[in-house]
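# Tertiary structure, described
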Amino acid sequence: MTPLQDATPKPPKYPADLEASMTLPKQRASPASSLASLPYRRSNPSLQKLFESTASLSGSRASSGSATPTASVVPTSVFSPGSRLNGTGTPNRLPPGVSDEYRNLIQRAFVPHVAVLADTETQELIRGKGLEGGLLQLLRPFGELVPGKVTIRDSVGASRSWGDFGVRFVGSNDGLGLPPSQAGRNPGLRVSTDGQRAGGRISSSSIRPRRVGGDVPLIEELVERHLQYSEFNAHDSMPGYFDQNDAPVQTESNSSPFYSLFLKRLLSGLPLVPHETFAHPVASVIAVSSKNPNPIEELRKLYSRQNDGDLQLPQWVENQYLRYYVLVHDEETGDIAKSNQTFDAMKRHFGLHCHLLRLKGQQCIPSDDDSVRLPTCEWISASEELAEIQKRETADDITDPTPYLPDSDITAIRTFVRELVAQSVVPHMERHVSQWNEQVLARRRGISGRFMSISKRWTPFGGNRNSSVSSSSSNYDSHAGFYQASSPESLMRKLADYSFMLRDFKLALSTYDILRTDFNNDKAWRHYAGAAEMAALSALLTTAPLSSKTRTENVDTWIEAASYNYMNRQQNTTPYYALRSLALSIELLRLRGSSAADAAARWGSRILDSNLVGPVAAALFTERVSACYAVRTGVGSLRLGSRRRKAALWSILAAESWFRLDKALQAEKCLDAALRLYNAHFDPADVVESLPFPQMQAFIDELRNEILGLRLANRGFEGSGEDGAEGVEQSLVVEEAETLDASPRAHRKSLIGAVAPPMDVGPLSPMLERSEERRDDQFE
Amino acid sequence: MSYAFTIFSPIDTPLFTHEFGTSRSGGDGIARFTTSERALNPFILHSSLDIVEEVQWGLSTSAGSAPMYLKHIDKYQNCYISCWITGANVRFVLLTRPRDEALGLNAGAQRGSLAGGRAGLGAGGQVYNPTSPATEEAVKNFFVDVYEVWLKTIMNPFFHVGSGDVVKSPVFRTRVAAAAKKYL
């Protein structure tokens, strides 16, 4: 896959420039060449919208709505001296360590999956509305956040309402097939994916979008795309990114939008695998059109395709999930009386889980009266988003291709989704949780269950109460690597996953813990790793305080076991899952503060040490480690136990790795954060304090100069004298000059070289040259 | 095996830095840091002060008496940090970078130095172990010698250690080098 090379060539690198960085503004390459390397970036508003949407998506971190005002603020006011001087941030921002953005993100990532299956008439109706993907594409964005609160009853009968509950609509056998690194592991498990898919795929030349995620290199490529975009468009068109750059250190180290994006894509499109059941469908929407001559018969046909036909899932997926029947009525051509009649017949046949969805047939255009843009999907897999970016980059038209829908359709779909989730899916899951809790878990947990699990190991006592247990020493099919869907282990895992998705973390934790020992006895290593991972996550997600003793004794061992078993067991390692368990543990541990943050940082360096990720993600995680250390602020006036210096070290490391990746903005951000951390002890009025080591100061100065050079090279000569951009650059350079002047030391001359224009004399000197040059460019 | 030794004042400024290699088992006493490692060393040493402070003010492991020698306290990648703390809160920090072979990175079977050498190599195969008794003892002897020289230096009435005077005395440097040669 070589999308980067053809569509968006990287800016040319000039090694010579990096060495003689101080003179960079002069010897930069000719403007024309650097312009030629940026084909569509500034000229394609639809593409910009795509990047912007992801940027603002991750900008939702403040959770209290502060994202909206900052996004809508006009750039000039952001850069005004006032907002620069009050470096303490907007009042809406949460203090470090309290923002639970990632906790919410994790909760919203593990949600029930609902398969979507529709007949041809429905698909045609929806394609007529301009949605190539059919019903699935129509429903997908609406499932991500169910409107209104969803009330869930947990295992002890206490109800709790959640405002951010959602479901994922997936194709009937999406998610099958593992990421490429694991493909071919179990060829027998793959079902043939031909035949009519529930949803069409967006056609693209080089990237074939797959709705299943879990492909780390692709995720990194996507983040790289976003980074590159921000790098080039930082100042003229992307207020969102620039806010980040401008934000005070606390929020900055808390979350980089790119890290949020990475995490989100890591958790999007969970693959359908035997060792966890999150991606197994909890329910399935089966839709027929009212135009269909025989809707009931068609529903039966679709059902049987799913039950034992070409869409049947492998045997480790339980097939008896909830079926939800939908009659799609066309408001314009259909006859509502007839549809009502059909709907009544459906209700008689299939019971309560039915819905009549009334949609308008014709295509809607943006200029229509009550047209609403189809919301963007937040949880799409990396390959889908890459394909979309690529499609828009190569497309000629500058219009936004997102389809528009009439307002009434949107309302109808929202009502439908709400009804589906609140009245069918959640009660269905609750019922199963309590049923399995009584029938499977209680039996396993009781005296006889303990005895049974012992007798499984010491076969002479083989219990005859459960045939599947006594028939062999274990239910685990070690050859194919899975448990049958009906085995008690599978059911318990499903119980645990259901309660995890319903956010009953206590029940989930105890179930995972039992499963862990069972899987360990069966030597089902991947299942064992999965149970350990989820046990750790559910222990960390519970709101109850966690003593540091339980944390070090249980949680850390679980994380260790999960990552070890994912990475090192058998021939087939699953780095994706290892990365997922480590990354999520980092975030959750970090929220617990103090000593847990130390552990988080340790797991972060584990990710880096074990080469789980490529360069981009490595830089992101380096930044994260710094953020983990920065959470520990210490106690008392002496701030004992703080990890300020550690955080600064990792910030420097992150800056260096960003610099090596040619990401000047990110590097600069990290460097600024590091300097702020280093100066935290000193008198705030005396910002010109130098670093303790002359070598450190020299290193940082050199790095900063190189970054400055890189940034100028990257941005070339964009900005045709707009006042806003000019002001930004001026103020940025002034800021730098402060820190550069801040070093009253003798080493600089020898280290940076004689070619350097004396920074003390003219902090604006590179800028002056630049602006002159820019004027020249204009005259040419 | 390469070492970087730094004395930190109570306000975290370096008063003295010295870089050397092992002189044991045929070592020539020259530090073998790569350029990037050398650039990072000050950062690593400085960042380990976080841990020093924590150990210093945290719960004492030896009942009653607070030890001056804090032993191995921190690690960054392949760099191990040991610390000695004086009564005036001056920190001696020693960064140890074992050879790649001693870390099990390369399959080399050379004998290491005494610190992390014989006993360190003896236990778990060839892997450097910062907490092995021999390593700790060697580092401790080094610190004790340096501490003695340090005391003599700060007894100089013209040396204002409180105001962050950098140690410039060549005698001090040779004494430190001698201690390094003797024990590390």
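Residues numbered from 1 in each chain as written. Chains lettered and ligands numbered in written order. Predicted model: local features only at pLDDT ≥ 70, side-chain atom pairs only at ≥ 80, totals over all residues. Heavy atoms only, no water.

For chain B, an unreviewed UniProt entry supplies the name Sedlin and the organism Lojkania enalia.

### Description of the overall build of chain A
For clarity, the cut-off: Numbered from the N terminus, helices here are DSSP runs of H or I no shorter than four residues, and strands are runs of E no shorter than two. Residue exposure (1.4 Å probe, protein chains only): buried if accessible area is under 20% of the type maximum, exposed if over 50%, otherwise partly exposed. Two residues form a contact once any of their heavy atoms are found within 4.5 Å. Each accessible area is a Shrake-Rupley result for a 1.4 Å probe, and residues are judged covered by the shown protein chains and nothing else.
Counting its regular elements, chain A contains 33 helices and 11 strands. Considering chain A as a whole, with its 780 residues, one finds that 58% of them fall into the buried category. Of the contacts made within chain A by residues no fewer than 6 positions apart, 78% connect residues no fewer than 24 positions apart. When the accessible area of chain A is evaluated, it comes to approximately 31400 Å², of which 54% is carbon and sulfur surface.

### Notes on the packing of helix H14 (residues 257-267) of chain A against helix H27 (residues 615-631) of chain A
Residues and elements named next belong to chain A. Applied cut-off: Every axis corresponds to a line fitted to the C-alpha atoms, with the helix fit spanning only the stretch in contact, and the corresponding angles, defined between N-to-C directions, vary from 0 to 180 degrees. Left-handed describes a crossing in which the near helix is turned anticlockwise from the far one by less than a right angle; the clockwise case is right-handed. Each residue receives one of three labels: charged for Asp, Glu, Lys and Arg, nonpolar for Ala, Val, Leu, Ile, Met, Phe, Trp, Tyr, Cys and Pro, and polar for the others, Gly being one of them.
Where H14 contacts H27, the two axes come as close as 10 Å, and the packing angle between them is 115°. Helix-helix and strand crossings are classified by hand; for H14 and H27 the assignment is left-handed. Here Phe 258, Tyr 259 and Phe 262 of H14 lie close against H27, whose contacting residues are Ala 617, Leu 620, Phe 621 and Arg 624. Class assignment of the residues belonging to the contact of H14 with H27 gives a composition of 6 nonpolar, no polar and 1 charged.

### A few points about unusual backbone geometry
Residues other than glycine seldom take positive phi values, yet Asp662(A) does so here, at roughly 65°. Structurally, Asp662(A) is set in the loop between helix H28 (644-660) and helix H29 (664-678). Given the relative accessible area of 15%, Asp662(A) is considered buried. With a phi angle near 65°, Lys71(B) is a residue other than glycine that sits in the positive phi range. With respect to the helices and strands, Lys71(B) occurs in strand S3 (residues 69-76). The class for Lys71(B) is partly exposed, based on a relative accessible area of 37%.

### Observations concerning the interface of chain B and chain A
Defined as follows: Values labelled buried area give the accessible surface lost by two parts on being combined, using a 1.4 Å probe and summing over both. Any Lys or Arg side-chain nitrogen found within 4 Å of a carboxyl oxygen on Asp or Glu counts as a salt bridge.
Tallying the contact residues gives 22 residues for chain B and 19 residues for chain A. Summing both sides of the interface, chain B and chain A together bury roughly 2000 Å²; the carbon and sulfur share of this comes to 65%. It is Phe43(B), His46(B) and Asp50(B) in chain B that bury the most area against chain A; as a group they hold 33% of the surface buried on that side. For the pair chain B and chain A, the interface holds 5 salt bridges. Here Glu54(B) ties to Arg643(A) by a salt bridge, and the two come within 2.8 Å at their closest N and O atoms. Those elements that provide at least two residues to the side of chain B that touches chain A are strand S1 (2-8), strand S2 (14-21), helix H1 (35-57) and S3 of chain B.

### What about the pairing of S1(B)?
Residues and elements named next belong to chain B. Heads up, the condition is: Strand pairing requires that DSSP identify at least two bridges connecting the strands.
Across the 7 residues of S1, 7 count as buried, placing the element largely inside the fold. Because side chains alternate across S1, one face comprises the buried residues Ser 2, Ala 4, Thr 6 and Phe 8, and the other comprises Tyr 3, Phe 5 and Ile 7, equally buried. Sheet topology places S1 next to S2; 7 bridges connect them, and they run antiparallel. Following the sheet pairing, Thr 6 is matched in S2 by Thr 17. The hairpin formed by S1 and S2 contains 5 residues between the paired strands, and Asp 12 there has a positive phi angle of roughly 70°. Summarising the sheet, S1 and strand S5 (residues 91-97) pair through 7 bridges and their orientation is antiparallel. Bridge assignment links Phe 8 to a residue of S5, and that residue is Arg 91.

### As for the nonpolar core
Condition: By nonpolar core we mean a set of buried residues, namely Ala, Val, Leu, Ile, Met, Phe, Trp, Tyr and Cys, connected to one another through side-chain atoms within 4.5 Å.
Formed by 189 residues in total, the largest nonpolar core has its most connected members in Phe110(A), Phe169(A), Phe500(A) and Phe621(A). In this structure, Leu15(B), Leu94(B), Ala138(B) and Leu184(B) belong to the second largest nonpolar core, which totals 30 residues.

### Description of the sheet that holds S3(B)
Residues and elements named next belong to chain B. Read from one edge to the other, the open sheet built from 5 strands follows the order S2-S1-S5-S4-S3, with strand pairing classed as antiparallel. Two strands bound the open sheet, and with one partner strand each, they are S2 and S3. Taken pair by pair, the neighbouring strands of this sheet meet at an average axis angle of 20°, ignoring direction. Where H1 meets the sheet, its contacts fall on S1, S2, S3, strand S4 (79-85) and S5, and the angle it forms with S5 comes to roughly 130°. Where helix H4 (residues 170-183) meets the sheet, it contacts S1 and S2, and its direction lies at approximately 40° from that of S2.

### Some thoughts on the packing of helix H25 (residues 575-592) of chain A against H27(A)
Residue and element names in this part refer to chain A. The criterion, for reference: Angular relationships are summarised with four words: roughly parallel below 35 degrees, roughly antiparallel beyond 145, roughly perpendicular across 65 to 115, and oblique for the angles in between.
For the pair H25 and H27, interaxial distance at closest approach is 10 Å and the crossing angle is 25°. Between H25 and H27, the crossing angle belongs to the class labelled roughly parallel. Classified by chirality, the crossing of H27 by H25 is left-handed. For the pair formed by H25 and H27, the contact residues are Leu 579, Ala 583, Ile 586, Glu 587 and Arg 590 on the first element and Phe 621, Arg 624, Ala 627, Cys 628 and Val 631 on the second. Looking at the contact of H25 with H27, its residues break down into 7 nonpolar, no polar and 3 charged.

### Things to note about the pattern of salt bridges
Evaluated as defined, the whole model comprises 37 salt bridges over all chains. Glu224(A) is the partner of Lys663(A) in a salt bridge, and the nearest nitrogen-oxygen pair spans 3.2 Å. Separated by 439 residues along the polypeptide, Lys663(A) in the loop between H28 and H29 and Glu224(A) in helix H11 (residues 216-233) bring together distant segments of the chain. Glu224(A) carries the same exposure label as Lys663(A), and that label is buried. A salt bridge links Asp513(A) to Arg516(A); the shortest N-O distance between them is 2.8 Å. Here Asp513(A) pairs with Arg516(A), and both are found in helix H22 (residues 505-522), just 3 residues apart, close to one helical turn. Of the residues examined, Arg516(A) reaches a relative accessible area of 16% and is grouped as buried. Via salt bridges that share partners, Arg645(A), Asp12(B), Asp50(B), Glu53(B) and Arg91(B) belong to a single interconnected network.

### Here's the deal with the packing of aromatic side chains
All names here are of chain A. In plain terms, the rule: In this scheme Phe, Tyr and Trp rings, the latter by its six-membered ring, pair at centre separations within 6.5 Å, and the angle between planes marks the pair as stacked below 30 degrees, edge-to-face above 60, and tilted otherwise. Only lysine NZ and arginine CZ atoms are considered, and such an atom sits over a ring when it is within 6 Å of the ring centre and within 35 degrees of the ring normal.
Within this structure, the stated rule accounts for 35 aromatic pairs over all chains. Taking 5.7 Å as the distance between ring centres and 90° as the angle between the ring planes, the aromatic pair formed by Phe 262 and Phe 621 counts as edge-to-face. With a gap of 359 residues between them, Phe 262 in helix H14 and Phe 621 in helix H27 connect regions that are remote in the sequence. Comparing Phe 262 with Phe 621, the two get one shared label, buried. When the ring centre of Trp 379 is taken as origin, the NZ or CZ atom of Lys 264, which lies over that ring, is 5.1 Å away. The residue whose ring lies beneath Arg 323 is Tyr 321, and the NZ or CZ to ring-centre distance is 4.1 Å.

### Description of the environment of Val273(A)
Residue and element names in this part refer to chain A. Mapped onto the secondary structure, Val 273 falls in the loop between H14 and strand S5 (281-289). Judged by relative accessible area, which is 1%, Val 273 ranks as buried. Separated by 41 residues in sequence, Val 273 and Pro 314 place their C-alpha atoms 9.7 Å apart.

### Topic: the sheet that holds S5(A)
Residue and element names in this part refer to chain A. Pairing is parallel across the open sheet formed by 5 strands, whose spatial order is S4-S1-S5-S6-S7. Edge positions in the open sheet fall to strand S4 (168-171) and strand S7 (354-359), since each of these has one partner strand only. Ignoring strand direction, the axes of neighbouring strands in this sheet form an average angle of 30°. Sheet strands in contact with helix H10 (residues 134-143) are strand S1 (113-118), S4, S5 and S7, and its direction is about 160° off that of S4. Strands strand S6 (322-330) and S7 of the sheet are contacted by helix H16 (residues 336-350), whose axis makes an angle of about 170° with S6.

### Let's talk about the side chain of Ser289(A)
By the secondary structure assignment, Ser289(A) is in strand S5. Apart from residues lying up to four places away in sequence, Ser289(A) is in contact with Asp119(A), Glu121(A), Thr122(A), Leu327(A) and Val328(A).

### Points about H25(A)
Residues and elements named next belong to chain A. Heads up, the rule is: In this analysis, the expected span of each helix is defined as 1.5 Å times one less than the number of residues it contains.
Compared with the 26 Å implied by 1.5 Å per residue over 18 residues, the 26 Å span of H25 between its first and last C-alpha is a close match. Taking burial as the measure, the 18 residues of H25 include 15 buried ones, the bulk of the element. Just downstream of H25, Gly 593 is the residue with a positive phi angle, here 70°.

### So, the environment of Arg551(A)
Residue and element names in this part refer to chain A. For Arg 551, the location among the structural elements is in helix H24 (residues 548-568). Between the C-alpha atom of Arg 551 and that of Ala 596, which follows or precedes it by 45 residues, the distance is 7.9 Å. Among residues more than four places away in sequence, those in contact with Arg 551 are Leu 546, Asp 556, Leu 589, Ser 595, Ala 596 and Ala 599.

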